[in-house]
Amino acid sequence: MRFDEHFLEEIRTATDIVDVISPYVKLKKKGRNWFGLCPFHNEKTPSFSVQRERGMYYCFGCGVGGNAITFLVEHDGMTFPQAVEELAGRAGIALPKREPGVEARERDRDQIWSALEEAALFYQSQLKSESGREGVAYLKSRGITGITARTFRLGFAPEGWDALLRHMKQKGFSEALQEQAGLIKPRDGGGFYDAFRNRLVFPFMDRRGRVCGFGGRTLEDTDRAPKYLNSPETAVYHKGSVLYGLPQAVETMLKEERGLLVEGQFDVMSLHQAGIMGVVAASGTAFTNQQSLVLKRLVKRVLLLFDSDAAGLKAAFRSYGSLVREGLDVSFLPMPHGEDPDTMIRNEGAEAFRSRIRHASGIVSFWFDSLGMTLEEMDVGARASATRDLLDYLRHDIDTLRLDLNLQEISSRVGIEENTLRREMQTITSREAPYEEKRAGESAVLPLTPPARIESDLLRLLLAGGELSREVLTGVTSEDFKDGRASALFARIRDDFESEGSVSIDRLLEVTEPAERGLIASLLAEDAAIPTEEDTAIVEQFLHSVEGRKRKDRRRRLKASIDQARRAGDNETVERLLKEYQEMSIE
């Protein structure tokens, strides 16, 4: 059952969160807030804070947070409706009848699901028809069998502007509904056209196997259209939380408690076809924290199989940071230069590939092997830089034992004492996220490293509903955030603002994942509010930080290209790139 927002707000207002939590936690008032031993992890000194005025709780030890509704959901295992009904009963508030608006929204979502399913069937039928002959030929060239195509429900979007549009209208789906489902786009002069045309189509499905969106690959050898095209965000499709191949992988993941994460759809299908199951890929986006949470519910271990080029390595290490923040054990499978899982499985066969998997590397070995040269070939500055960059990823790991073992391995390889490595990692953490630790005492569980201060301040500004919120939400993108949780939370805030016209902290707490709830609570646990007159300065500092990071990334990539050209003896390229690097350095 869904509840109208006005009813939920009435429940929140009538609920004293201290009264809700007191039966479970012995709370003692300190200043404006109450503190007690956290009910979500073992600790000897209270670090669990309850803010009556805001109706929120937050643990400075393990990072959990939320409001009265989410407390009952997380602590007592209630469903969301059960928690709402429980609090309504305590407050003496009668449950409302089904609101027409709520029923209409549910009906709209059901109709979108139906439209997407019908579109998937249409695309599948087109792949089997004469118009899909080119798509079938391409699949055969990639070694994909008909069984695999049916398993993953592959389809084909025919040429022309309105083949799907006309088919859907014949099936009774209005143009407005098709647009809401992301199937068609409006023309400048009026009317609509198909979003996917002359493309091989990959349905994106949720864990239950429901089609929630599509990806399309062009078969034309041209620069006029993007190679890959994905559905827009809709009421049922949020690309940051969808994993391609999930319904086909769930059973194996649960059985083996391990998942394989790859970059592309063909990697997923080729491995699955070879009998290597439990494989998923991010769908049209960089790997996100929401996707880490999806995997966390299914597996304990994740094996990363990313391309060996610079982009693939960067994506692999960023994914590592997101996964270990959720406590998952992560290993890497090195890819030979120019290879990916799709080509490897076809060239080597399943048994050879399984043997490679059994010898997967930990992050330290994989990191140093990926540098392109041995430590002995590096000068002192390069060795220090490589070690520091590795520590920047390791600092996200919340498993202290695993972190200790990794630091021991680095110490052995590089010849730097562990204590020195720890101090440097702490320096990196402090520089990236200069929060004063505000815990009431020592905790047995380390909280997640918070985002950098400038990212935190911008999020707090948005949560507070500052005057610049609309400008920020339309001028900033989630990719501008370095921290994965901050990026995910920004996307949630933007979606809430776009759909409701305002930002509601309680609404966000009740729809986000636990890690995001903890981040919201941690941002609001700071007593000092941002003065309104500082809003502009915060936005300017954030944009300046983003631009600085982009320049730094460009310089790093350019330096890597210079080093590669030097090793290849290409002096002309070295000279050209050095000039470009020097010009960039004085910008």
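Rules and cut-offs
Residues numbered from 1 in each chain as written. Predicted model: local features only at pLDDT ≥ 70, side-chain atom pairs only at ≥ 80, totals over all residues. Heavy atoms only, no water. Helix = DSSP H or I, 4+ residues; strand = E, 2+ residues; numbered from the N terminus. Rg over C-alpha atoms; globule rule 2.2 N^0.38 Å. Buried < 20%, exposed > 50% of the residue type's maximum accessible area, 1.4 Å probe, protein only. Pairing = 2+ DSSP bridges. Axes fitted to C-alpha atoms, helices over the stretch in contact; angles between N-to-C directions. Contact = heavy atoms within 4.5 Å. Parallel < 35°, antiparallel > 145°, perpendicular 65-115°, else oblique. Left-handed = near helix turned anticlockwise from the far one by under 90°. Nonpolar A, V, L, I, M, F, W, Y, C, P; charged D, E, K, R; others polar. Expected span 1.5 Å × (residues − 1). Salt bridge = Lys/Arg side-chain N within 4 Å of Asp/Glu carboxyl O. Arc of directions from axis to C-beta. Core = buried A, V, L, I, M, F, W, Y, C linked by side-chain atoms within 4.5 Å. Phe/Tyr/Trp six-rings, centres within 6.5 Å; stacked < 30°, edge-to-face > 60°. Lys NZ or Arg CZ within 6 Å of the ring centre and 35° of its normal. Right-handed = clockwise from strand over helix to strand, strands pointing away.

Q: I keep staring at the overall build of the protein chain and nothing clicks. Help me out?
A: The helix and strand inventory of the protein chain stands at 26 helices and 16 strands. On C-alpha atoms alone, the protein chain measures out to a radius of gyration of 26 Å, which is about the 25 Å that the 2.2 N^0.38 rule sets for 587 residues. Principal-axis analysis of the C-alpha atoms places the extent of the protein chain at approximately 70 × 65 × 50 Å. By the burial criterion, 49% of the 587 residues in the protein chain qualify as buried.

Q: Looking at this structure, I do not really get the sheet that holds strand β11 (residues 228-230). What am I missing?
A: Two orientations exist for strands paired in a sheet by backbone hydrogen bonds: parallel and antiparallel. The strand order across the open sheet formed by four strands is β6-β9-β10-β11, and the pairing between neighbours is antiparallel. Across the chains shown, the open sheet's two edge strands, defined by having one partner strand only, are β6 (155-157) and β11. The mean angle between the axes of side-by-side strands here comes to 35°, regardless of whether they run parallel or antiparallel. With three bridges connecting them, β6 and strand β9 (residues 199-205) associate as antiparallel partners. Residue pairing in the sheet places Ala157 in a bridge with Arg199 of β9. Across the sheet, helix α11 (residues 265-273) lies against β9, β10 (211-218) and β11, angled at about 75° from β9, the strand it touches most.

Q: I would appreciate a short explanation of the packing of helix α20 (residues 453-463) against helix α22 (residues 484-500) in the present structure.
A: The axes of two packed helices give the description: the angle between them and the distance between them. In contact at an axis separation of 11 Å, α20 and α22 are set at 20° when each is read in the N-to-C sense. Judged by the angle between their axes, α20 and α22 are roughly parallel. Helix-helix and strand crossings are classified by hand; for α20 and α22 the assignment is left-handed. Contact residues: α20 offers Glu455, Leu459, Leu462 and Leu463, while α22 offers Ala486, Leu489, Phe490 and Ile493. Counted by class, the contact of α20 with α22 contains seven nonpolar, no polar and one charged residues.

Q: I tried to follow α22 on my own but got confused; where do I start?
A: Since the α-helix advances by 3.6 residues per turn, residues separated by three or four positions end up pointing in the same direction. Counted at 1.5 Å a residue, the expected span for α22 with its 17 residues is 24 Å, and the 24 Å between its end C-alpha atoms agrees. Elements in contact with the buried residues of α22: α12 (289-296), α20, α21 (469-475), α23 (505-511) and α24 (514-524). Just downstream of α22 lies Gly501, where phi reads positive at about 80°.

Q: What am I meant to see in the pattern of salt bridges here?
A: Under the definition given, this model contains 31 salt bridges. The residue Asp329 makes a salt bridge to Arg402 at a minimum N-O spacing of 3.6 Å. Of the two residues, Asp329 is situated in strand β16 (residues 329-332) and Arg402 in helix α18 (residues 400-414); the sequence distance between them amounts to 73 residues. Look at Arg402 and you get buried, because its relative accessible area is 15%. With a closest N to O distance of 3.5 Å, Arg413 and Glu409 form a salt bridge. Of this pair, Arg413 and Glu409 both sit in helix α18, four residues apart, which is roughly one turn of the helix. Looking at Arg413, the relative accessible area reads 33%, which means it is partly exposed.

Q: Quick question: what am I supposed to make of unusual backbone geometry here?
A: A negative phi angle is the norm for most residues apart from glycine, just as the trans form is the norm for most peptide bonds. Positive phi values are uncommon outside glycine, yet Arg153 reaches one of about 55°. By relative accessible area, which is 15% here, Arg153 ends up buried. Even without glycine at this site, Glu257 takes up a positive phi of about 55°. Within the fold, Glu257 resides in the loop between α10 (246-256) and β13 (258-262). For Glu257, a relative accessible area of 36% translates into the label partly exposed.

Q: I tried to follow the sheet that holds β13 on my own but got confused; where do I start?
A: With mixed pairing, the five strands of this open sheet are ordered in space as β12-β14-β13-β15-β16. Strand pairing shows two members of the sheet lacking a second neighbour, β12 (243-244) and β16, which therefore form its edges. With two bridges joining them, β12 and strand β14 (residues 279-282) adopt antiparallel strand pairing. In the sheet register, Tyr244 faces β14, and the bridge partner there is Ala281.

Q: Got a minute to help me understand the environment of Lys314 in this structure?
A: Residue placement: Lys314 occurs in helix α13 (residues 310-324). A residue is classified by how much of its surface remains accessible, and Lys314, at 38% relative accessible area, is partly exposed.

Q: How do you make sense of helix α6 (residues 133-141) when you look at a structure like this?
A: Every buried residue of α6 is listed here: Gly135, Tyr138 and Leu139. Each buried residue of α6 sits inside an arc of 100° when the element is viewed along its axis, so together they form one side. Turned more than 90 degrees away from the buried face of α6 sit Arg133 and Lys140, all of them exposed. Just downstream of α6, Gly143 is the residue with a positive phi angle, here 80°.

Q: What am I meant to see in the nonpolar core here?
A: Across soluble globular proteins, nonpolar side chains show a tendency to be buried alongside one another. In terms of nonpolar packing, the biggest core is built from 59 residues, with Tyr123, Leu154, Leu183, Phe214, Tyr244, Leu305 and Phe353 touching the most fellow members. The biggest single contributor to this core is helix α5 (residues 100-128), with nine residues. Leaving out residues up to four positions away in the same chain, Leu183 has contacts with Ala115, Leu116, Ala119, Leu164, Met168, Gln178, Asp194, Ala195 and Phe214. Among the nonpolar cores identified, the runner-up in size contains 43 residues, and Val250, Leu304, Leu323 and Ile363 belong to it.

Q: Explain the packing of aromatic side chains here, please?
A: Overall, the coordinates contain 26 aromatic pairs when judged by the stated rule. On the numbers, 4.6 Å between centres and 10° between planes, the contact of Phe332 with Phe366 is stacked. With Phe332 in strand β16 and Phe366 in helix α16 (residues 363-369), this residue pair connects regions lying 34 residues apart in the sequence. The same class applies to Phe332 as to Phe366, namely buried. Each residue in the set Tyr138, Phe152, Phe202, Phe204, Tyr237, Tyr244 and Phe266 is aromatic and connected to the rest through ring pairs, giving one cluster. The ring centre of Phe266 lies 4.0 Å from the NZ or CZ of Arg142, which sits over that ring.

Q: Would you explain the pairing of strand β15 (residues 301-305) in this entry?
A: A regular strand places its side chains so that they alternate between the two faces of the sheet. Most of β15 sits out of view: four of its five residues are buried. In the sheet, β15 pairs with β16 via four bridges, with the strands oriented parallel. Within β16, the position partnered with Val302 by the bridge is Val330. The β-α-β motif built from β15, the intervening α13 and the parallel element β16 has right-handed crossover chirality.

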